[in-house]
Structure formats: C-alpha cells, structure tokens
Amino acid sequence: MNRIARAFWLSRPGLGEIRTVDLPEPAEGEVLVRSLYSGVSRGTETLVFRGGVPESQHAAMRAPFQEGEFPAPVKYGYLSVGRVEEGPGELVGRTVFCLYPHQTRYVVPVSAVTVVPDTIPAERAVLAGTVETAVNALWDAAPLVGDRIAVVGGGMVGCSVAALLARFPGVRVQLVDADPARAKTAEALGVDFALPEDALGERDLVVHASATEQGLARALELLAAEGTVVELSWYGDRKVSLPLGEAFHSRRLTIRSSQVGTVSPARANRSYADRLALALDLLADPALDALITGESAFEELPEVMPRLANGEIPALCHRVRYPETV
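In this text, all values refer to a predicted model and were calculated from it rather than measured experimentally.

What counts, and at which threshold
- Once a new chain begins, its residue numbering starts again from 1 and follows that chain's sequence as written.
- Under the rules for a predicted model, residues below a pLDDT of 70 receive no local features and side-chain atom pairs below 80 are neither given nor counted, while totals for whole chains, interfaces and linings still include all residues.
- Side-chain measures here rest on the full set of heavy atoms in the structure, leaving out hydrogens and waters.
- Secondary structure elements are taken from DSSP: a helix is a run of H or I of four residues or more, a strand is a run of E of two residues or more, and numbering for both begins at the N terminus.
- The atom set for the radius of gyration is the C-alpha atoms, and the globule formula is 2.2 Å times the number of residues raised to the power 0.38.
- Each residue gets one of three labels from its accessible area relative to the maximum for its type: buried under 20%, exposed over 50%, partly exposed in between, using a 1.4 Å probe on protein chains only.
- Contacts between residues were defined by any pair of non-hydrogen atoms, one from each residue, lying within 4.5 Å.
- For the area figures, the Shrake-Rupley method with a 1.4 Å probe applies, and any residue is considered shielded solely by the protein chains shown.
- Charged residues are defined narrowly, with Lys and Arg counted positive, Asp and Glu counted negative, and His plus the chain ends left uncounted.
- By convention, the point assigned to a charge is CZ for Arg, NZ for Lys, CD for Glu and CG for Asp.

Q: Looking at this structure, I do not really get the overall build of the protein. What am I missing?
A: Check the secondary structure of the protein and you find 8 helices and 17 strands. For 326 residues, the compact-globule estimate of 2.2 N^0.38 gives 20 Å, and the protein sits close to it at 20 Å. Judged by the C-alpha coordinates and their principal axes, the protein covers about 65 × 40 × 35 Å. Taking all 326 residues of the protein together, the buried fraction comes to 50%. Across the protein, every contact between residues at least 6 apart in sequence was considered, and the portion connecting residues at least 24 apart equals 65%. Surface exposure of the protein reaches about 14400 Å², of which carbon and sulfur atoms provide 50%. Computed over 31 positive and 41 negative side-chain charges, the separation of the two mean positions in the protein equals 1 Å.

This is the structure in structure tokens:
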C-alpha cells in the first residue's frame, strides 16, 4: 500500500501549505485511517491560523495529534472522519471519528478512534467534536425543566448548544446573534432567534459563545436575579472588560467557565470516551446538518483558510472533502 500522505500545515501565521508525509506501518494496536471528511472549527482554527494563541496557552491549546509548535510551523486540527484501512479485523472498513489534523491518511492507536454509528452519515460526523463541547457545557450548566435560556453567539459551538437545549422539556431557548442570517439556522434547529437588542431578558441561564466583550456584557444583562452565565468563549490573547458594577452583586449573578479539555465535574463518573460516544449518538438528528455551511476539497485548504479567517467565507463548520484515492 502507498505509505505517502498529504497534510495541511500552517507554515507561518496567515499562510498554509500542503506537505507530503511518510506514514509508518501500523503496529499492533494501531489503525491506518483514510480520511473521508474533516471539519474546520472556525473559531479555534482561524485563531491558530492567525497566530493568535498566547504563549501562556501553548500547552493547553495543543491538539491530540498536533505536530510542530505555536505559532508556526504547526499541523493543527481535530475534527476528522475516515475509514479504517488496516488494523484489527473488527475495525477494518468501519467509519471512525478521530481528533486528528487535516491529513489524507494517518496512523493512530486504536484507542484514538471512535466508531461512528451506522445511523450517522460520515458527512455529519465531523460535528462530533463540537457537539461534545456542547455536551460538556450542558453538564456544567445543568439546565432544569422549564428554564428560560438564551445562547448568545450563533457560531458553531453556540448553535450546537442551542440544538441540544431544544430537546429539553419545557425549556424556551433563544439564540442571540448580531447576524440576522442566523435566524434561518435557529429555525432549522427549532429555537427562537433575536438580535442582541431584541433579546428577551429575565433568563435563568445564559450560555455565552460569541467570543466578544459586547456579547458577554449582553449575556449578563439578560439574566434574571441569581442567574448564571456559562462562558464558553475563548479569547486567545485578547483582554476582556466586564461590567461588574451596578447591579451585578445585588442581583447575585454568576459567571462560570466551561472548557472541553476536562470532563465536567458534574459528570465525574464519565470518561472522555463516554462523552464522545454520546455526542456521536446525538448526531442522529438531521437538524444538525444546518451547522455545516460550506465544503471544499482538501487541496483547496491553503486558499480557503485565509478566507475563513478573515470572514470572506462566512461559516459555522466548513467541511473538507478528501479524494477517494490518495
């Protein structure tokens, strides 16, 4: 079998290239995966592409199979779906999800891949990592039946959270975003939509995912007394100011962080594998296809990534399609 693969590398901030790599023979307990699709997580990956990962977060931001170091050269990414070509018999031919960068083929330990259920199209399975983030956020947030909830920020993570919240009994969810085009996405996900100035207040819970200072301030304004903002945004090297004066203390508001790097303490009896398996099961809902807003061929990534980073291509999840022969 051909042991050559191609991988997308960030050669310097703002400039990507495709490099040829040699693959090792799979050892016992390893699999060779041929990529079918991968997803570009627009928030995190475009931050990496711009070279915006602060030095203090270089270790925390490492992807599981990253090569190189921030800011560059670095091979980065973590939403890969492929088919096992070599490995244990029970896995050969199966479609799997792996937290691997954008690469045509790769060799990883068996423990690094999760079988995609037959009911989930491979095209949709690229969302598994983002839905996993949403699962962890909701474990942290612990919404209750009948809660009034806003999700501020209609990006990939915010929409994933809203989609899962739409399944909670008695919960009214409003997706809040400055882009009126997100109204169609909200409709597809089965939740209400509002521009920031029109959003409903007196929310028991607000999940913030806009990665903007203005969005976080608005999230606080939307809370009912003793309400909680769960902060999902990651700001990289940017400083953020918060309005913690006025009624913040008298209304006893709470801001708490949530980050997918650790399993929520609220589910300490669950493993990373449990969480990812749950995320894949939740992808049975075809409404989540609304989160995939574009597709391009793997060979086009050096031209596509700058356009995703500067907003020329508006995207939630941008899907990368791989050739059938590599």
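Q: Sorry, what's going on with helix α1 (residues 42-50) here?
A: Structural remark: α-helix, 3.6 residues per turn; residues separated by three or four positions point the same way. Those residues of α1 lying buried are E45, T46, L47, V48 and F49. Looking at the buried positions of α1, the neighbouring elements they touch are β1 (4-12), β2 (15-22), β3 (30-41), β5 (74-75) and α8 (301-309).

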